[in-house]
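# Tertiary structure, described
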Amino acid sequence: MVRWAEAGELAGLASIEQAADGLFEQVGIVFPPGTTMIEEASGPGPVLVEGEPPAGFALVGWVDDNLHLEQLAVHPDSMRQGIGGRLVTAVIDHARACGAPAVTLTTYRDVPWNAPWYARHGFSVMPEAEWGPELRALVAHERELGIEVAPRVVMRR
């Protein structure tokens with residue numbers, strides 16, 4: 001069942017994110033050292049989780065008046081059980097409830113469990129001409145952090 005995270009769960013979510021990030025090594029993507037996205041979260045408010053203890057999470061924020069999926073991570077031991085799909089559905093439902101016109105995200109174009117997976121969940125590549133100023137700044141920031149080690153795209157649903 002997807003629910004909002006509790007403050008005491010955030011520390012454990014970092015290990016989920018690190019384990020999920022480790023899968024990228026299979027496709028030659030190694031992230032630069034630094035903190036995880038969840039470690040930079042302001043608190044449990046923008047975090048949806050599934051499981052007791054959580055096996056996956058979705059971190060959301062607002063970018064150009066759209067709900068933005070900042071991070072989706074499922075522990076590799078719990079993958080292929082529908083957790084990611086249920087988390088994405090919950091994010092979309094939350095966006096609808098908040099009146100957001102869309103959900104946006106940035107992801108790797110060619111990694112099977114990134115852009116192709118989001119496309120199966122109704123997301124499509126968003127042309128750069130349609131990016132707002134906050135989304136442009138976010139993409140620039142990702143490039144500065146060095147995570148664009150493979151082609152990335154912005155997607156929207």
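Residues numbered from 1 in each chain as written. Predicted model: local features only at pLDDT ≥ 70, side-chain atom pairs only at ≥ 80, totals over all residues. Heavy atoms only, no water.

## A closer look at the sheet that holds strand β2 (residues 47-50)
If you walk across this open sheet you meet the seven strands as β1-β2-β3-β4-β5-β7-β6, and the pairing is mixed. Edge positions in the sheet fall to β1 (2-4) and β6 (124-125), since each has one partner strand and no second. When β6 meets strand β7 (residues 152-156), the two strands line up antiparallel, connected through two bridges. Note on β7: the bridge partner recorded for Ser-124 is Arg-156. (Pairing = 2+ DSSP bridges. Helix = DSSP H or I, 4+ residues; strand = E, 2+ residues; numbered from the N terminus.)

## Topic: unusual backbone geometry
Following Glu-52, the chain continues into Pro-53 via a peptide bond in cis, with omega recorded as -10°. Along the chain, the position of Pro-53 falls in the loop between β2 and β3 (56-63). With a phi close to 50°, Asp-64 is a non-glycine residue in the positive phi region. Along the chain, Asp-64 falls in the loop between β3 and β4 (66-74). One non-glycine residue with positive phi stands out, namely Arg-80, at about 65°. The residue Arg-80 is located in the loop between β4 and α2 (83-98) in this model. Given a relative accessible area of 85%, Arg-80 falls into the exposed group. (Buried < 20%, exposed > 50% of the residue type's maximum accessible area, 1.4 Å probe, protein only.)

## Details of helix α1 (residues 10-22)
Taking 1.5 Å of rise per residue, the 13 residues of α1 would be expected to cover 18 Å, and the 19 Å separating its terminal C-alpha atoms lies within 8% of that figure. Buried residues along α1 sit in contact with β2, β3 and β4. (Expected span 1.5 Å × (residues − 1). Contact = heavy atoms within 4.5 Å.)

## As for the packing of aromatic side chains
What the rule picks out here adds up to six aromatic pairs. A ring pair is formed by Phe-24 and Tyr-108, whose centres lie 5.7 Å apart and whose planes are at 55°; its orientation type is tilted. Of the two residues, Phe-24 is situated in the loop between α1 and β2 and Tyr-108 in strand β5 (residues 103-108); the sequence distance between them amounts to 84 residues. With a relative accessible area of 8%, Phe-24 lands in the buried category. Ring-pair connections join several aromatic residues into one group, and the members of that group are Phe-24, Phe-31, Tyr-108 and Trp-113. Lying across the ring of Tyr-108, Arg-152 places its NZ or CZ 4.5 Å from the centre. (Phe/Tyr/Trp six-rings, centres within 6.5 Å; stacked < 30°, edge-to-face > 60°. Lys NZ or Arg CZ within 6 Å of the ring centre and 35° of its normal.)

## Re the pattern of salt bridges
Within the structure shown, the criterion is met by eight salt bridges. For the salt bridge of Glu-50 with Arg-86, the shortest nitrogen-to-oxygen distance reads 2.7 Å. With a gap of 36 residues between them, Glu-50 in strand β2 and Arg-86 in helix α2 connect regions that are remote in the sequence. Exposure remark for Arg-86: the relative accessible area of 38% places this residue in the partly exposed category. Across the salt bridge formed by Arg-109 and Asp-110, the nearest N and O atoms sit 2.9 Å from each other. Owing to a relative accessible area of 42%, Arg-109 belongs among the partly exposed residues under this scheme. (Salt bridge = Lys/Arg side-chain N within 4 Å of Asp/Glu carboxyl O.)

Keep in mind these values describe shape, not function.
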